[in-house]
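The residues making up each chain are set out below.
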There are 2 protein chains.
Amino acid sequence: MPQNSDFSIYNLPFGIFSAGRKKARVGVAIGNQILDLYAVAELGHFDEIGVKKEVFDNEYLNDFIALGKPITNAVRLKVQQLLSDQNSPIKGNDGLFEKQADANMHLPVFVRDYTDFYSSIEHATNVGKMFRDPDNALLPNWKHIPVGYHGRASSIVVSGTDIHRPKGQVVPKDAKSPVCKASGRLDFELEMAFIVGKETELGESITTANAEDHIFGFVIFNDWSARDIQKWEYVPLGPFLGKSFASSISPWVVTLEALEPFKVEGYEQDPSVLPYLEYNGKKNIDINLQVGIQPDGGGETIVTNSNYKYMYWNMVQQLTHHTVNGCNVNVGDMMASGTISGKDETGFGSMLELAWAGTKPVKLNDGTSRVFINDNDTVVMRGHAEKDGIRVGFGEVKGKVLPSF
Amino acid sequence: MPQNSDFSIYNLPFGIFSAGRKKARVGVAIGNQILDLYAVAELGHFDEIGVKKEVFDNEYLNDFIALGKPITNAVRLKVQQLLSDQNSPIKGNDGLFEKQADANMHLPVFVRDYTDFYSSIEHATNVGKMFRDPDNALLPNWKHIPVGYHGRASSIVVSGTDIHRPKGQVVPKDAKSPVCKASGRLDFELEMAFIVGKETELGESITTANAEDHIFGFVIFNDWSARDIQKWEYVPLGPFLGKSFASSISPWVVTLEALEPFKVEGYEQDPSVLPYLEYNGKKNIDINLQVGIQPDGGGETIVTNSNYKYMYWNMVQQLTHHTVNGCNVNVGDMMASGTISGKDETGFGSMLELAWAGTKPVKLNDGTSRVFINDNDTVVMRGHAEKDGIRVGFGEVKGKVLPSF
């Protein structure tokens, strides 16, 4: 096991991989290896849990996740035992493992519906200062509602997928009418997303007390954004083509259970929230997040260090609010946090904020600077939690920006 | 064949039905009957087209639609021939037919992603007059962009499904803070939706010239809306819980080919649109639309008569715009028109407009009046095209509003 691996024995995230002649199937990351769960199941190690091997012979995790937490947690604990036991029956069985370096990772879930929230108070405040009133940066509803909107599920892609700079309608400076051209203000947004693990029926509402039963796990989420397209289109119905050209996610789904030790208190919410949004216990999670930019052929510059704990609205409030109207959720729904910005410019979660709408260029190690993302730049996001010598991480989500078609 | 049937020999829409011991499968509506396509396929009538019977043994139309227009059109023409031919081999074979009255209709497609446009100029103008500036009702982008937004796919239900009045955050009159309660301003929105029949890859853009290749057919769409929830939540990211509690669609998917004879010229677009949105030929469709309200146990009152031809932005412009940024589309994507309002109050497509934000109650035949929809009201929408004695219709989409949970 490499030191400081994101994929320690305490993590054991699930993903979909293919390697050599093995077609897409379910695996668990451990160190720099992947444990092939289909092969483990074939040996009968999950028989006592009652899980059939076919669920692991799958292009997506949805069928596995739909078995429910009692089953999926039992599988994860069984894997932990098999990997830890000195006399493990899988010890030395190299056929059960693949090197991560030799495997292709696939989109881990079929994303049924995708929702994006807007739950970082620093991000919402920064955007409000730039585009609205610096003295009243937050809109009146922001501290009452975990504001969110529906996103495009079809264009969510896995880490490593190249992105083409989108074209669209933008209004040039000092012009009154739009033109159709490649976006000149392509940005990333540093987000986390949780994946729904338990469905509800139409008309049913989740509560803050049972919301975690419906959350399977997490990925890092890059909500690519074309600021110039978004600016022209978003009134009155919200972001559309400025976002829907692509969103990138990390391939390994880290379970809520693996993140349990890293929970922390959230923000004090003032004014107090409505009763249906009140909650007990720690619902924020301390996950260090960073973003790097790699120019074509050059080295990487870390441009921000943020943390998932900087969420004014937490995951259980988001999911409870989402279903207060009876909206049904499904296994594989993806709910992103919104851009996660820290308290100052060392932790802002987008180029829009880091370069303050183009006014403060961000210097890279190669001597160039950026106000937005250039063609052939690669954006890399990483995340990990660490406490008492235990590390649970996400690996990375990476995407290269190719020129527009 | 009943006179004036929506389901004439010129229509032949596809749907998913179950009846008696027959589980969900593909059928075609003809008069007041359903032709069981699985049973027809079992007799070998589609062998020459190369369609296997299994595609009709299906809970959704997606697999059938994905065969592509050359195949699906050939199936429709074969059905037309089988139903028309005096010496038809299916004549008198009652086992191939079910009475519509005896069948259950199901959601016809698995809706992959759902988009709602805002393409009726009368509707956008009415909303702008009520909530913004009567003298500048349209926002600056409206005549340049077919404005749209992502909606919630999971809560789209088939006609006949009861809807519960949603709860959510609303701000009472003269209050400054929200409360969580059942919506007091529940509305319908009269829309049409088209269903995507041919996928694209991420990075690919559809053009106005080839957009119709990607459109399989149409349904009537009731975009239920909770105006008070929507009003409080929608800035700055658009409608969310004010819409996502339910949308209702008609069960029979009428093909673009069946609607071909009813195409008409669209609006003159001034200012002229950007080149990628220019189009040739007739792309609007003359489909009469009506909405009725049935109070519990009472008779129906028709409250509006509108038409799908009242679209400033047509279907090919919508789909072209949606993909100009490279956003990929999939079979089963549903793209709704936005509320379709005629030029005056006899044709407005929502209670918001008909009762002008609560100021002009709409009288029903039973002597009661409505400014929005009451509990236990049923809303019925119907649509049909008619020309030269030929009628092609949609049947209806109906939904009853039950009290809030």
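Note that the structure is predicted; figures quoted are calculated from it, not measured.

### What about the pattern of salt bridges?
In total, this model carries 50 salt bridges over all chains according to the counting rule given. The salt bridge partner of A:Arg165 is A:Asp375, with a shortest N-O separation of 2.5 Å. Here A:Arg165 is found in the loop between β9 (163–164) and β10 (167–170), whereas its partner A:Asp375 is found in the loop between β24 (369–370) and β25 (378–387), with 210 residues between them in sequence. Note on A:Arg165: relative accessible area 10%, which makes it buried. Where B:Arg25 meets B:Asp36, a salt bridge forms, and the shortest distance between an N and an O atom there is 2.7 Å. Pair noted here: B:Arg25 is in strand β2 (residues 22–30) and B:Asp36 is in strand β3 (residues 33–36), with a separation of 11 residues, a long-range link. Each member of the pair, B:Arg25 as well as B:Asp36, carries the same accessibility label: buried. Connected via shared salt-bridge partners are A:Asp187, A:Glu189, A:Asp223, A:Arg227 and A:Lys243.

### Describing the packing of aromatic side chains
On inspection of all chains with the given rule, the structure shows 29 aromatic pairs over all chains. Their ring planes at 65° and their centres at 6.0 Å tell us that A:Phe218 and A:Tyr308 sit as a pair that is edge-to-face. With A:Phe218 in strand β14 (residues 215–222) and A:Tyr308 in the loop between β21 (301–307) and α7 (315–323), this residue pair connects regions lying 90 residues apart in the sequence. Residues A:Phe218 and A:Tyr308 agree in their burial class; the two are buried. Taking the centre distance of 6.1 Å and the plane angle of 45° together, the rings of B:Phe14 and B:Phe216 count as tilted. You can see B:Phe14 sitting in strand β1 (residues 14–19) and its partner B:Phe216 sitting in strand β14 (residues 215–222), a full 202 residues away along the chain.

### A few points about the nonpolar core
Grouped together as the largest cluster of nonpolar side chains are 151 residues, with contacts concentrated most on A:Phe188, A:Phe218, A:Tyr308, B:Phe188, B:Phe218 and B:Tyr308. If we ignore the near neighbours within four places in the chain, the residues touching B:Tyr308 are B:Met192, B:Phe218, B:Ile285, B:Ile287, B:Leu289, B:Met315, B:Ser337 and B:Ile340.

### A closer look at the pairing of strand β2 (residues 22–30) of chain A
All names here are of chain A. Across the 9 residues of β2, 8 count as buried, placing the element largely inside the fold. Summarising the sheet, strand β1 (residues 14–19) and β2 pair through 5 bridges and their orientation is antiparallel. Counterpart to Phe17 in the pairing with β2 is Arg25. Here 4 bridges tie β2 to strand β3 (residues 33–36), and the two strands are oriented antiparallel to one another. The residue bridging Ile30 from the neighbouring strand is Gln33, located in β3. The hairpin formed by β2 and β3 contains 2 residues between the paired strands, and Gly31 there has a positive phi angle of roughly 60°.

### Some points on the interface of chain B and chain A
Taken together, the contact between chain B and chain A spans 59 residues of the former and 59 residues of the latter. The junction of chain B with chain A conceals about 5,500 Å² of combined surface from both sides, 63% of it contributed by carbon and sulfur atoms. Put simply, chain B and chain A have 4 salt bridges between them. With a closest N to O distance of 2.6 Å, A:Arg152 and B:Asp333 form a salt bridge. There are 27 residue pairs in polar contact (both at pLDDT 80 or more) connecting chain B and chain A. A per-element tally of the side of chain B that touches chain A places strand β7 (residues 148–151) of chain B first, with 4 residues. When grouped by side-chain class, the residues that make up the side of chain B that touches chain A number 33 nonpolar, 19 polar and 7 charged.

### Some words on the domain arrangement of chain A
All names here are of chain A. Along its sequence, chain A is organised into domain 1 (14–106) and domain 2 (114–285 + 308–345). One C-alpha centre belongs to domain 1, the other to domain 2, and the line joining them spans 31 Å. Across the contact, 17 residues belong to domain 1 and 17 residues belong to domain 2. Both faces combined, the contact of domain 1 with domain 2 buries some 1,400 Å², and carbon together with sulfur accounts for 66% of it.

### As for the environment of A:Pro140
Residue and element names in this part refer to chain A. Structurally, the position occupied by Pro140 is in the loop between α4 (121–131) and β7 (148–151). You can call Pro140 exposed: its relative accessible area is 64%. Distance from Pro140 to Asn222, taken between C-alpha atoms, is 27 Å for residues 82 residues apart in sequence.

### Thoughts on unusual backbone geometry
With omega at 10°, the peptide bond leading from A:Asp270 into A:Pro271 counts as cis. Within the secondary structure, A:Pro271 sits in the loop between β18 (263–264) and β19 (284–285). Between B:Val235 and B:Pro236 the backbone carries a cis peptide bond, its omega angle lying at 5°. Mapping B:Pro236 onto the fold places it in the loop between α5 (227–233) and β16 (247–249). Its identity is not glycine, yet A:Asp388 carries a phi of approximately 50°, on the positive side. With respect to the helices and strands, the residue A:Asp388 is situated in the loop between β25 and β26 (390–402). In this structure A:Asp388 comes out as exposed when scored by relative accessible area, which is 73%.

### Overview of the state of the cysteines
Under the criterion given, the structure shown has 0 disulfides over all chains. In this structure A:Cys180 is not part of a disulfide, and its nearest cysteine sulfur, from B:Cys327, lies 15 Å away.

### What to know about the confidence of the model for chain A
On average, chain A scores 97 in pLDDT, and the residues at 70 or more come to 100%. In the model output, the complex is listed with pTM 0.98 alongside ipTM 0.97.

### Things to note about the environment of A:Phe97
All names here are of chain A. Its location among the elements puts Phe97 in strand β4 (residues 97–99). Spatially, the C-alpha atoms of Phe97 and Thr255 are 21 Å apart, while their sequence positions differ by 158 residues. Among residues more than four places away in sequence, those in contact with Phe97 are Ile30, Gln33, Ile34, Leu35, Leu83 and Ile90.

### Side note on the sheet that holds β21(A)
Residue and element names in this part refer to chain A. Spatial strand order, β9-β26-β25-β20-β21: 5 strands in an open sheet with mixed pairing. Among the strands making up the open sheet, the edge pair consists of β9 and β21. The pairing of strand β20 (residues 288–294) with β21 spans 6 bridges and is antiparallel. Pairing of Gln290 across the sheet is with Asn305, part of β21.

### A few points about the relation of the copies chain B and chain A
Overlaying chain B with chain A gives an RMSD of 0.0 Å, the required rotation being 180° about an axis along which the chain moves by 0.0 Å. In short, the pair behaves as if placed about a two-fold rotation axis. Nearest to the rotation axis, the C-alpha of B:Gly238 is located 2.1 Å from it, this being the minimum over chain B. Same-surface contact between copies: 100% of interface residues of chain B are shared with the interface of chain A.

### A closer look at the environment of B:Glu48
Tracing the chain through its elements places B:Glu48 in the loop between α1 (37–42) and α2 (62–65). It is 33 Å that separates the C-alpha atoms of B:Glu48 and B:Asn4, two residues lying 44 residues apart in sequence.

### What to know about the side chain of A:Ser119
Residues and elements named next belong to chain A. By the secondary structure assignment, Ser119 is in the loop between β6 (114–117) and α4. A relative accessible area of 0% means that Ser119 is categorised as buried. Contact partners of Ser119, with chain neighbours within four places excluded, come to Trp142, Met311, Tyr312, Trp313, Gln318 and Ser337.

### Description of the side chain of B:Lys69
Residues and elements named next belong to chain B. Among the structural elements, Lys69 can be located in helix α3 (residues 69–84). One polar contact links the side chain of Lys69 to the main-chain carbonyl oxygen of Ile215, over a distance of 2.8 Å. Lys69 has contacts with Ala74, Glu212, Asp213, Ile215, Leu256 and Glu257, leaving out every residue within four places of it along the chain.

### Focus on the sheet that holds β1(B)
Residues and elements named next belong to chain B. Ordered by their spatial adjacency, 5 strands build an open sheet running β4-β3-β2-β1-β5, and the pairing between neighbours is antiparallel. Only two strands of the sheet have a single neighbouring strand rather than two, namely β4 (97–99) and β5 (104–106). For this sheet, the mean inter-axis angle between neighbouring strands, taken without regard to orientation, is 45°. Of the strands in this sheet, β1, β2, β3 and β4 touch α3, which is tilted by about 60° from β1.

Rules and cut-offs
- Residues numbered from 1 in each chain as written.
- Chains lettered and ligands numbered in written order.
- Predicted model: local features only at pLDDT ≥ 70, side-chain atom pairs only at ≥ 80, totals over all residues.
- Heavy atoms only, no water.
- Salt bridge = Lys/Arg side-chain N within 4 Å of Asp/Glu carboxyl O.
- Helix = DSSP H or I, 4+ residues; strand = E, 2+ residues; numbered from the N terminus.
- Buried < 20%, exposed > 50% of the residue type's maximum accessible area, 1.4 Å probe, protein only.
- Phe/Tyr/Trp six-rings, centres within 6.5 Å; stacked < 30°, edge-to-face > 60°.
- Core = buried A, V, L, I, M, F, W, Y, C linked by side-chain atoms within 4.5 Å.
- Contact = heavy atoms within 4.5 Å.
- Pairing = 2+ DSSP bridges.
- Buried area = accessible area lost by both parts, 1.4 Å probe.
- Polar contact = N/O pair within 3.5 Å; in protein donor to acceptor, adjacent residues only side chain to side chain.
- Nonpolar A, V, L, I, M, F, W, Y, C, P; charged D, E, K, R; others polar.
- Domains from an automatic or database assignment.
- Disulfide = S-S within 2.5 Å.
- pLDDT = per-residue confidence, 0-100.
- Least-squares fit on C-alpha atoms with pLDDT ≥ 70 in both.
- Axes fitted to C-alpha atoms, helices over the stretch in contact; angles between N-to-C directions.

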